[in-house]
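# Fold and contact review
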Amino acid sequence: MREIAADVLVVGGGPAGLSAAAEAAAAGAGVVVAEAGLHLGGQLVKQSHKFFGSRDEYAGTRGFEIAKILKDEIARHGDRVQILLGTTVCGYYGDEGVVTAMTGEEEYFRIIPKRMIVASGAQERLIPFPNNDIPGVYGAGAVQTLMNVYGVVPGKRVLMIGAGNIGLIVSYQLLQAGVEVAAILEAAPRVGGYWVHAAKARRLGVPILLRHSIKRALGGEAVTGAEIIELDEKFNQVGAPEEIECDTICLAVGLTPTSELLWQAGCRMKYVPALCGHVPLRDALMRTSNENVWMAGDVSGIEEASAAMIEGRIAGVCAAESLGLKAGAKKLDGFWERLGNLRAGETGEKIRAGVAAVTVAGWEGEAV
Amino acid sequence: MDTDDVVVCRCEEVTLDEIRAWIGRGYCHFDELKRILRVGMGPCQGRGCRDIVLRELSRATGEPLEAIDPGTVRPPVKPIKIGLLAYGGEDAPK
C-alpha cells in the first residue's frame, strides 16, 4: 500500500487547516493537507458576505476572498506543502503511528505523520419532524453551497428554520438569487444572529417568526409546504398549526463538531453545550491529550472562521515547535491577544465559558 | 408528534418510532441501538443521526446529555470498497 510521510498532517483545508499549514510550513515542516472536498478554503469559498471582527482577521473582506489570500500564502511555501484534494482521512492507528486516507473511492493509502492537526470542521444538525426525508428538505449550509459554489437555486419559495447567522445570511443570499423566502422561523424568543443580518432580511419583507417551529413537512414526492406552530417558553405547542406554502425547507439549526478522528486518537473529550457538542480538552497551544495531535477551528468548538484561523496558526506554530523547528513561538502572544479580542465582550461570553470548561493548564499530571 | 414517519438515520432509514421502541425495551446505549437497528452504520457513519439519538436517550433516561455515552468511534469514518483493501489500496485490475 502506498505510504506518504509528513512532518505535519493537517486534516481539513478550511480556514483553520490552511492557517495551520501555513505556519507549520513557514517553520520548515513538510506538511500534507488532506481535504475531503474538491477545493481548498472550506466554507469560506461560498461565503459572499463581508467578515466582521478585526482587521487582522480580514474584517471587511468577503469570505471567498479570504480563502484566496490563504491559498496564496500556502502557495508561497512551494513543495513544502502537499495538498491532497478529494481525500478523506479515514482512520487513526496510534500504535503504529499510521493514518489511513482515501482519495475519491479509488485509492486507499497510508500517511505516516509525526504530528497531526485535526481541523475537520463541523457538520449541520438536523431536527426530526414528520416527512423530513422528502426531497426539498435541505441543510442551510448545503443550500449555500448549491447556490454560491455551483450556481443552482434549490427552489422557488423557501421556509427557513433558524434565525442564527447561517439562517439569516442564507435567507438574504436566497433573496439575492431571486428566490422567495416565505418566513424565517426561530424557536427561541430572540434572533440568534447579528442584527445587521436580520435587518437585511426584514427590510426585504421577510417575516421573522420568533417562538415558532416546524411541525411537519407537507408533500408526497417533494415538499409542497409545511405546518408551522407557535411555541411557549417551554417550547410546547400553542394553538393550532398553520400551513405555509413552500417547495424548500431549509434547516439552519446549528452545527456540531466533526470529531471522529479525535475520538479515534483517544483524545479526552467533553460535552460542552456552548461549543455545540463533544470537543477535545486542549491546552493553550491547541494540543489535545494525545501528545501528537493538535486541533483548530470548529472541531474544537463551533465559532466563527476568524477564530478558526487564529487557532490554526497557534496549532501550526506549536506542532512545528514540538518537532524542534523554530516556528517563532513569540508569535503566540500576538495570536492569543487576537483570539482574546475576538471573544471579548458580551457576544463572546458563551464561547469564553465554553473554552474555559475544556482548557487545561498543562498535560503534566493529567491522565492521558 | 407522529413518530412513525420521522426519519432519524437517513442512511439506514431508521425512524424515531423504532428508536423509541427499542429504548423502551432497555436498549439504553448508542452502541446497542446501532447493533440492533444499524442506526449510524451507513455512509455518513452517524454524523447526521447521532445527536438526535443521544437526545432521545437523554430524554428517556432523564440523564443530562453530557452524561450520555456517545458510543465508540472506530475507523474508517466512511465506507471503503472491500476491493480497494483487497488490492492494497488500488482499484482492482480491469
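Residues numbered from 1 in each chain as written. Chains lettered and ligands numbered in written order. Predicted model: local features only at pLDDT ≥ 70, side-chain atom pairs only at ≥ 80, totals over all residues.

### Quick look at the pairing of strand β12 (residues 212-218) of chain A
Residue and element names in this part refer to chain A. Bridge count for β12 against strand β13 (residues 225-231) is 6 bridges, and the pairing is antiparallel. Across the sheet, residue Ala-217 finds its bridge partner in β13, namely Ala-226. Remark: 6 residues form the turn of the hairpin made by β12 and β13, two consecutive strands paired antiparallel; Gly-219 in that turn has positive phi of roughly 130°. (Pairing = 2+ DSSP bridges. Helix = DSSP H or I, 4+ residues; strand = E, 2+ residues; numbered from the N terminus.)

### Observations concerning the interface of chain B and chain A
Counting residues at the interface gives 28 residues for chain B, matched by 29 residues for chain A. Sorting the residues of the side of chain B that touches chain A by element identifies β1 (7-9), α3 (50-61) and α4 (82-86) of chain B as the ones contributing at least two each. (Contact = placed C-beta atoms within 7 Å.)

### Quick notes on the nonpolar core
Among the nonpolar cores identified, the biggest contains 77 residues, and Ala21(A), Val31(A) and Ile117(A) are the most heavily contacted of them. A total of 11 residues in this core trace back to one element, the largest contributor, which is helix α7 (residues 305-322) of chain A. Apart from residues no more than four positions distant in its own chain, Ala21(A) is found in contact with Val10(A), Val31(A), Val33(A), Ile74(A), Val81(A) and Gly316(A). Formed by 53 residues, the second largest nonpolar core is a distinct cluster that contains Ile166(A), Ala183(A), Cys250(A) and Leu37(B). (Core = buried A, V, L, I, M, F, W, Y, C linked by C-beta atoms within 7 Å. Buried ≥ 20, exposed ≤ 12 C-beta atoms within 10 Å, placed from the backbone.)

### A word on the sheet that holds strand β8 (residues 137-139) of chain A
Residue and element names in this part refer to chain A. Taken together, 5 strands build an open sheet; the order of strands is β8-β15-β9-β10-β11 and the sheet is parallel. Looking at which strands have only one partner, the edges of the open sheet turn out to be β8 and β11 (208-210). Recorded for the sheet is a direction-independent mean angle of 20° between the axes of neighbouring strands. By the bridge criterion, 5 bridges tie strand β9 (residues 157-161) to strand β10 (residues 180-186) in an arrangement that is parallel. Pairing of Met-160 across the sheet is with Ile-184, part of β10. Its contacts with the sheet place helix α4 (residues 165-176) against β9, β10 and β15 (248-251), and it is angled at close to 170° to β10. (Axes fitted to C-alpha atoms, helices over the stretch in contact; angles between N-to-C directions.)

### Structural notes on the domain arrangement of chain A
Residue and element names in this part refer to chain A. One can read the domain layout of chain A as domain 1 (3-123 + 255-358) and domain 2 (126-251). Inter-centroid distance (C-alpha atoms) of domain 1 to domain 2 is 31 Å. In this complex, domain 1 contributes 4 residues to the contact, which on the side of domain 2 involves 6 residues. Of the residues in the side of domain 1 that touches domain 2, the class split is 1 nonpolar, 2 polar and 1 charged. (Domains from an automatic or database assignment. Nonpolar A, V, L, I, M, F, W, Y, C, P; charged D, E, K, R; others polar.)

### A few points about the confidence of the model for chain B
Do not read the predicted coordinates in detail wherever pLDDT is low. A residue-level look at chain B finds 95% of positions with pLDDT of 70 or above and a mean pLDDT of 91. The ipTM for the predicted assembly is 0.93, set against a pTM of 0.95. (pLDDT = per-residue confidence, 0-100.)

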